Amino acid sequence: MIKVAARTLDFFDRQVVSLIIEKYGIEERDAIKKFLTSETYQMLVDVETEVYKMSPRIVFDMWESEIVTGNPRNSQYIR
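Bear in mind that the values here come from a model prediction, so they are computed numbers and not experimental data.

## A look at the overall build of the protein
So, step 1. A count of helical and extended segments in the protein gives four helices and zero strands.
So, step 2. Start at the N end of the protein and walk to the C end: the helices and strands fall as α-α-α-α.
So, step 3. Taking 2.2 N^0.38 as the reference for a compact globule, 79 residues should give roughly 12 Å; the C-alpha atoms of the protein span a radius of gyration of 12 Å, in line with that estimate.
So, step 4. Dimensions along the principal axes, computed over C-alpha positions, put the protein at roughly 35 × 25 × 20 Å.
So, step 5. Among the 79 residues that make up the protein, the fraction classed as buried is 34%.
So, step 6. Put simply, 53% of the contacts in the protein that link residues at least 6 apart link residues at least 24 apart.
So, step 7. Of the roughly 5,400 Å² that the protein leaves accessible, carbon and sulfur atoms contribute 48%.
So, step 8. Counting 11 positive and 13 negative side-chain charges, the protein places the centres of these two groups 1 Å from one another.

Structure follows, in structure tokens:
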């Protein structure tokens, strides 16, 4: 099974978590937990969705759409 490279996931983890902390002012540990347990993150690690090819800001928008609407697919970037 093909997996998204650990280096790529680390990059997204750092970038998206930073955006979450910046916008919502929550603790780093909570931001990490919210991101890693999200459907958005599951899409990121799934090579078939190719979310790992998008920018961290798009992935953040997907995560935020998931928080607001319950579905990361409601992001303006992937409708």
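## Points about the side chain of D61
So, step 1. Looking at the element boundaries, D61 is found in helix α4 (residues 56-69).
So, step 2. Setting aside its immediate chain neighbours within four residues, D61 contacts S75, Q76 and Y77.

## Points about helix α1 (residues 6-24)
So, step 1. Between the first and last C-alpha of α1 there are 26 Å, a value that for 19 residues agrees with the 27 Å anticipated at 1.5 Å per step.
So, step 2. In this structure, the buried residues of α1 make contact with α2 (28-36), α3 (39-45) and α4.
So, step 3. Looking one or two places after α1, you find G25, whose phi comes out positive at around 65°.

Parameters and conventions
- Residues numbered from 1 in each chain as written.
- Predicted model: local features only at pLDDT ≥ 70, side-chain atom pairs only at ≥ 80, totals over all residues.
- Heavy atoms only, no water.
- Helix = DSSP H or I, 4+ residues; strand = E, 2+ residues; numbered from the N terminus.
- Rg over C-alpha atoms; globule rule 2.2 N^0.38 Å.
- Buried < 20%, exposed > 50% of the residue type's maximum accessible area, 1.4 Å probe, protein only.
- Contact = heavy atoms within 4.5 Å.
- Areas by Shrake-Rupley, 256 points an atom, 1.4 Å probe, with all protein chains shown as cover.
- Lys, Arg positive; Asp, Glu negative; His and termini not counted.
- Charge placed at Lys NZ, Arg CZ, Asp CG, Glu CD.
- Expected span 1.5 Å × (residues − 1).

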